[in-house]
Each structure stands twice: as structure tokens, then as C-alpha cells.
Amino acid sequence: MTSHRLLGVLATAAALAASQLTAAVLGVRESPVLAIAQTAIALTPGAVAEPIISVVGTADKPITIVVVVVAVLLLGGVIGSWWRPHRTRAVAGAAVLVALATAAVLTRPYGSIGGVVACLVGGLVLLGVLALLHREPSRSGDEDAGQAFSRRRMIKLVGAVAVATAVAGTASELLASRHRRRRDLDRMRAALRLPTRRLPTPRGADQNVTGQAPWRTSNRAFYRIDTAISPPLIDPTEWTLRIHGMVDREMTVTYENLIDRGLRDAWVTLCCVSNPVGGDLISNTVFSGVPMKDLLDEAGVQSGADMLLSTSEDGWTCGTPLAALTDGRDAMLALGMDGVPLPVEHGFPVRQVVPGLYGYVSATKWVTDWEVTRFDDAEAYWTQRGWSAEGPIKTHSRIDVPRTTVDAGVVTVAGVAWAQHTGITKVEVRVDDGAWQKAELASVPTDDTWVQWRWEWDAHRGDHRLQVRATDASGYTQTSERADVVPDGATGYHGVDISVA
Ligand SMILES: Nc1nc2c(c(=O)[nH]1)N[C@H]1C(S)=C(S)[C@@H](COP(=O)(O)O)O[C@H]1N2
Ligand SMILES: [Mo]
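Residues numbered from 1 in each chain as written. Chains lettered and ligands numbered in written order. Predicted model: local features only at pLDDT ≥ 70, side-chain atom pairs only at ≥ 80, totals over all residues. Heavy atoms only, no water.

## Quick notes on the overall build of the protein chain
Our working definition: Each helix is a run of DSSP H or I of at least 4 residues and each strand a run of E of at least 2, with the numbering of both proceeding from the N terminus. Each residue gets one of three labels from its accessible area relative to the maximum for its type: buried under 20%, exposed over 50%, partly exposed in between, using a 1.4 Å probe on protein chains only. The contact definition used throughout considers only heavy atoms, calling two residues in contact when any of these lie within 4.5 Å. The charge count includes Lys and Arg as positive and Asp and Glu as negative, but it does not include His or the ends of the chains. Think of each charge as sitting on NZ of Lys, CZ of Arg, CG of Asp or CD of Glu.
Each helix and strand counted, the protein chain has twelve helices and 19 strands in total. With the C-alpha coordinates aligned to their principal axes, the bounding extent of the protein chain is approximately 95 × 65 × 45 Å. By the burial criterion, 53% of the 501 residues in the protein chain qualify as buried. A sequence separation of at least 24 residues applies to 75% of the contacts in the protein chain between residues at least 6 apart. Between the mean site of the 48 positive side-chain charges and the mean site of the 52 negative ones, the protein chain shows a separation of 9 Å.

## Some thoughts on the packing of helix α1 (residues 3-25) against helix α6 (residues 113-133)
Using the following cut-off: Fitted lines through C-alpha atoms serve as axes, helices being fitted only where they are in contact, and the angles separating the N-to-C directions of these axes extend from 0 to 180 degrees. Throughout, a crossing is termed right-handed when the near helix is turned clockwise from the far one, and left-handed when it is turned anticlockwise from it by less than a right angle. Note on residue categories: nonpolar means Ala, Val, Leu, Ile, Met, Phe, Trp, Tyr, Cys or Pro, charged means Asp, Glu, Lys or Arg, and polar means any other residue, Gly included.
For the pair α1 and α6, interaxial distance at closest approach is 7 Å and the crossing angle is 150°. Between α1 and α6 lies a crossing whose hand is right-handed. Contact residues: α1 offers Leu 7, Gly 8, Leu 10, Ala 11, Thr 12, Ala 14, Ala 15, Ala 18, Ser 19, Thr 22 and Ala 23, while α6 offers Val 117, Ala 118, Cys 119, Val 121, Gly 122, Val 125, Leu 126, Val 129, Leu 130 and Leu 133. The residue inventory of the contact of α1 with α6, partitioned by class, reads 16 nonpolar, five polar and no charged.

## Remarks on the site of ligand 1
Worth spelling out the cut-off: What makes a residue near a molecule or strand is one non-hydrogen atom of that residue sitting within 4 Å of it. Under the rule applied, a polar contact is a pair of N or O atoms within 3.5 Å (in protein, one hydrogen donor and one hydrogen acceptor; residues adjacent in sequence only if both atoms are side-chain atoms). Surface exposure here means Shrake-Rupley accessible area, sampled with a 1.4 Å probe, where a residue is shielded only by the protein chains that are shown.
The immediate surroundings of ligand 1 are formed by 17 residues, with Tyr 223, Thr 227, His 346, Arg 351 and Lys 365 found nearest. Take Ala 363: an N or O atom from its main chain is 3.0 Å from a nitrogen atom of ligand 1. In isolation ligand 1 offers 530 Å² of accessible surface; the protein chains occlude 98% of this area. Considering only residue class, the shell around ligand 1 consists of eight nonpolar, five polar and four charged.

## Brief notes about the domain arrangement of the protein chain
Applicable threshold: Where a domain begins and ends is set by an automatic assignment or by a domain database. Computed with a 1.4 Å rolling probe, the buried area is the accessible surface lost when two parts are put together, summed over both parts.
Taken as a whole, the protein chain is organised into domain 1 (2-175), domain 2 (240-385) and domain 3 (396-500). Taken residue by residue, the interface counts 21 residues in domain 2 and 21 residues in domain 3. Summed over both partners, the interface of domain 2 with domain 3 buries about 1500 Å², with 61% contributed by carbon and sulfur atoms. Counting across the interface, domain 2 meets domain 3 through four residue pairs in polar contact (both at pLDDT 80 or more).

## Remarks on the packing of helix α2 (residues 32-43) against helix α5 (residues 87-107)
Filter applied, for reference: Working definition: roughly parallel below 35 degrees, roughly antiparallel above 145 degrees, roughly perpendicular at 65 to 115 degrees, and oblique for all remaining angles.
Where α2 contacts α5, the two axes come as close as 8 Å, and the packing angle between them is 80°. Accordingly, the angle class assigned to the pair α2 and α5 is roughly perpendicular. Where α2 abuts α5, its residues Pro 32, Ala 35, Ile 36 and Thr 39 lie against Ala 101, Ala 104 and Val 105. Classifying every residue of the contact of α2 with α5 gives six nonpolar, one polar and no charged.

## As for the pattern of salt bridges
Spelled out, the test is: The salt bridge definition used is simple: a Lys or Arg side-chain nitrogen within 4 Å of an Asp or Glu carboxyl oxygen.
Overall, the coordinates contain 26 salt bridges when judged by the stated rule. The partner of Arg 29 in a salt bridge is Glu 313, with the nearest N and O atoms 3.1 Å apart. Taken together, the residues Arg 29 in the loop between α1 and α2 and Glu 313 in the loop between β5 (307-312) and β6 (317-321) connect sequence positions 284 residues apart. A residue is classified by how much of its surface remains accessible, and Arg 29, at 26% relative accessible area, is partly exposed. Arg 242 is paired through a salt bridge with Asp 369; the nearest N and O atoms lie 3.8 Å apart.

## Remarks on unusual backbone geometry
Residue Pro 402 follows Val 401 across a cis peptide bond; omega there is -10°. With respect to the helices, strands and loops of the structure, Pro 402 is situated in the loop between β11 (396-401) and β12 (405-406). Residue Pro 487 is bonded to the preceding Val 486 through a cis peptide linkage, with omega at 5°. Structurally, the position occupied by Pro 487 is in the loop between β18 (462-472) and β19 (494-500). We note that Asp 338 has phi near 55°; this positive angle belongs to a residue other than glycine. For Asp 432, which is not glycine, the phi dihedral falls at a positive 50°. Position of Asp 432 among the secondary structure elements: in the loop between β14 (424-431) and β15 (437-438). Residue Asp 432 is classed as partly exposed on the basis of its relative accessible area, which comes to 29%.

## Some remarks on the sheet that holds strand β16 (residues 440-441)
Formally: At least two DSSP bridges between two strands are needed for those strands to be called paired.
Ordered in space as β11-β13-β17-β16, the four strands form an open sheet in which the pairing is antiparallel. Only two strands of the sheet have a single partner each, and these edge strands are β11 and β16. Pairing geometry for β11 and strand β13 (residues 409-418), over five bridges, is antiparallel. Bridge assignment links Ser 397 to a residue of β13, and that residue is Ala 417.

## Things to note about the pairing of β18
In regular strands, side chains alternate between the two faces of the sheet. Summarising burial for β18: eight of the eleven residues are buried, a large majority. Two strands pair when backbone bridges link them, and β18 and β19 are joined in this way by seven bridges, in the antiparallel orientation. Bridged to Leu 466 within β19 is Val 496.

## A few points about the state of the cysteines
Heads up, the condition is: Criterion for a disulfide: a pair of cysteine sulfur atoms within 2.5 Å.
Counting across every chain of the model gives zero disulfides. In this structure Cys 271 is not part of a disulfide, and its nearest cysteine sulfur, from Cys 272, lies 7.0 Å away.

## Overview of the environment of Arg 181
Its place among the elements puts Arg 181 in helix α8 (residues 177-191). Considered as a pair, Arg 181 and Ile 234 are 53 residues apart in the sequence and their alpha carbons are 9.2 Å apart. Not counting residues up to four positions away in its chain, the partners in contact with Arg 181 are Arg 29 and Leu 233.

## Focus on the sheet that holds β14
Pairing is mixed in the open sheet, where five strands are placed in the order β12-β19-β18-β14-β15. Edge strands, defined here as strands with exactly one partner in the open sheet, are β12 and β15. With two bridges connecting them, β14 and β15 associate as antiparallel partners. Pairing of Val 429 across the sheet is with Gln 437, part of β15.

## Observations concerning the nonpolar core
To keep things clear, this is the line we draw: We call a set of buried residues a nonpolar core when its members are Ala, Val, Leu, Ile, Met, Phe, Trp, Tyr or Cys and they connect through side-chain atoms within 4.5 Å of each other.
Formed by 97 residues in total, the largest nonpolar core has its most connected members in Ile 243, Leu 258, Phe 287, Leu 333 and Trp 370. A per-element tally of this core places α1 first, with seven residues. For Leu 333, the residues in contact, after removing those within four places along its chain, are Leu 241, Leu 258, Ser 288, Gly 289, Val 290, Met 292, Leu 295, Val 350, Arg 351, Gln 352, Val 367 and Trp 370.

## Side note on the pairing of strand β2 (residues 251-254)
Alternating positions in β2 separate cleanly, Met 251 and Val 253 being buried on one face and Thr 252 and Thr 254 remaining unburied on the opposite face. Sheet topology note: the strand β1 (residues 240-245)/β2 ladder contains four bridges and is antiparallel. Across the sheet, the residue bridging to Ile 243 is Met 251, located in β2.

Here it is as C-alpha cells:
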């Protein structure tokens, strides 16, 4: 990297810090950097997003921010290298950067004038700092002394810009309005009392095998998947759900309306379509909410409609077959999760839960809009990115323990199996190429949750491969054929390699 390029990077860092600070001082809801990162996420095709998510998991959000910041800094380096030889080009480059940032800010649901001002301030600081760093020092008579002087002056200048950048960057983080709003919301949520109590775990559902995922997932351990870099912060007293489209009566529902209807509880195992064979993007808990069917019936679904297009406060969309919402299953607008108001990351104040469908086609968090429509007329977020329009959960099973080495003798092999809204009737395990052996199933309160299973293995010394497969209540047995998670969920047996000592 040439020194001009480095100066460009430094000036861009200063510009980013100034822009973030401006956004923080103006109380902008989503800073330019966050807006660019969210736009980058939205523009990433599914075929690119999927492998990244499968490798980095939920670290995808901080990683996206780092990638965006580094990319902007590198572009700034290019602009810096143009400053001396092609001044107009450098200024045009800065203008393009500001224009892209402004476009990102304005196309987000939280676009605001404050966000645009923050972008412009960033552009001005970029050009100002570049000009400052390239100012010619006045030449003294002595060439060497002059050069030493200008080098010293340069080091001071660079140091000053770096310190100012660090101070502005830190201040913008400390002042960012989202931290204050998050604290306020956490307080409000903690004070909320839902008309529900925390249900005990049904007897016999958890077989308490050490090392196995508990049948009931705590809110803290519940998997989290969404496109929101920082979760929408919604005051429940301001939350509304608008119901429109192919309905006889448009409706607007408030949080209080939902509470007044009374909440019912349902044990449901949520699962992500991106869950690989053997993966842990699946969790089980009890949700409390209002049947989605009740609201759809009140609005009056018109004939010909077959899809509910739901939208979250931050603009994510989801297409759910109306059939799955009206066939009597516990499809609900949930307010509670494991006896408490939904955690912010899991959709506070209101989310959808639909047993039997992968989250991407059913489980809209922070939901604020329902449009009754047709699969022929609308396409939701992940379908636009290559995933299937419909996403029933595939019957599947997983080995939780053992996962690596065991001592010879009797070993408890245990795991979970799931076929939400169909039910699991049989789980079988095999060692190497041996015969399939029937495992023992724990009891569950409903077909909508996963089932724990166990099998006692008389393990002999050596290296062995354990595999599992499940059969559901429709009579279907899992296929051994491996399918990728795209476009509608992985298939294949989960296997683990165990060495017996
Ligand atoms: N608003 C919003 N809702 C969303 C998503 C999202 O990106 N945004 N992701 C969906 C996906 S893909 C899944 S698997 C589930 C995950 O819910 P959880 O994070 O509570 O486990 O939420 C669904 N609801
Ligand atoms: Mo998902």
C-alpha cells in the first residue's frame, strides 16, 4: 500500500466516525454503517448467504459489519491514491460513496433526513481530511531540515486525525440511540405481566440423559436466526398489526386487543430450513398467544386467497399457506415464550409460530403487517433468494450423545427426532452396517414437538459409526439420500464416528 492509499484509508476512517457520530447525535435509528450492512445482507443472493451462514452461524451479523467497514476503507484507499494525480476523480469517487450510502439509508424502513445528513457529513470529512493531510508544508531554505520538519508535521497530523477518529467512533457508539432505546425497552418488557404462567415440563418428556439437548429449550439457549443486525425495538403500546389484502374487512390489531382475547399455550419445536443434518438450528418451548385463525376469520378471507404474506417491522417478508393457518393446528400470534414476554431477539412484542413449517415460511418475528394474497401474486424474502415457496418441516433425527469417544461396555445413545404436526412413531439406530435397532421414545404432550429417544449400545473396542433414522405417523421413514438445505431443507441420516476404548 502506498502512503497515499494509507492516507485515504485514514481519512475514510475519520469520515465513518464523523458520520456515525452525527447519526448518534441526531438520534438516527439506524446509522449509515448499519444501513449499508443491512442492505448488503438484503442484496446477498441465497446461494452465497447459505454457505456463509452455515460456517459462521449467528456471527454473521458482526462479520457483515466488519466486512462492510473494511470494504469502505479500501474504497477510501483508492480515493486517497487518486487525490494527487486525479483530483476530480477522487472527488467523484467520494461523491459516489456518499450517494451509495445515502441510497442504502433511504431504502431502509428507517430512512430519515438525519441519516442523509450523516452521509453528507461523512463525505465532507473525507474530502476535508484528505485535503488537510496533503497540504504542502512551506519549504524552508534547508532541504533536509524542511523534509524533517514536514515529516514530523505529517506524523503529528496523522496522529491527531487518528485520535479524533477513535474519539468520535467511541462517542458515537456510546451515544447511539439504539442503546438507550434498548435499555428503555428492556425495562418495559421486564415490567410486563402476561396473563399466563410458566408451564411445568410435561412428565416423561425429558429423559435426562447427560450431554443431550434438554427437551425444553431455555429462552437463553433457543437458536436465533434472522436478517436483523440489531433487532427492531418496538414499544408494545405502539405496536399494531394491520390486516389487509383479500379480506372482507380490513383490521388493525393492538397488543391490548390480543391480551384481551386471552392467551393459550402451545408446545412447539421451531426449526430452521438452514439446519444441516445433525445441526442445532432447532429448539423447543411453550409459546403463549392468540390463534391466527381467529383474526383471519374476523377479517374474512376471500375465496381464491392461499397465502398470508406477513411483514416484520424491519421489512422482512414471509409467505405462509393459509391452509396451515386454518386447519386447526396451533398457529398463533405469540406474545409469550416459556412463560415470559418474547425476548427482543425472538420477536418482541409479537411473532408468529406455526407448528410443522420451517421458520422462513411461518415464524415472522416483530410482525406488523398481514396481507392476504396468493402464491401466484406474491413472493417472500427467502423465496426471492432461491428457497422454495413452501417449507413443510422434513422428518428428521439427530444423535446428541455420544459424539466422540466412549469406554467399551453399555453406552447410552440418545438424541431427538422430529416431524412437527405429524408425530414420530419410531426411531432406529444402527452400528456400522448392522441391522436397524429400535430406540425407546420419551413421551410428548403433542405431535408439534420433537421427541427424545435412547438406545443402549453394547459397545465393543474399535472405531464405529452410529446412524439414526426416524419414521413419522404418516408412515414415512427418513431417506438416506443426502440433500442440501437449499431449497427446502436437508435430508440424509445423521451419523457420528465413535471410537470405543
Ligand atoms: N422478522 C423476521 N422474522 C423471522 C426471520 C427474519 O429474518 N426476520 N427469520 C425466520 C427464520 S429463517 C427462522 S428459522 C425463525 C427463527 O426464529 P428464532 O430466532 O426465534 O429461533 O424466525 C423467522 N422469523
Ligand atoms: Mo430459518
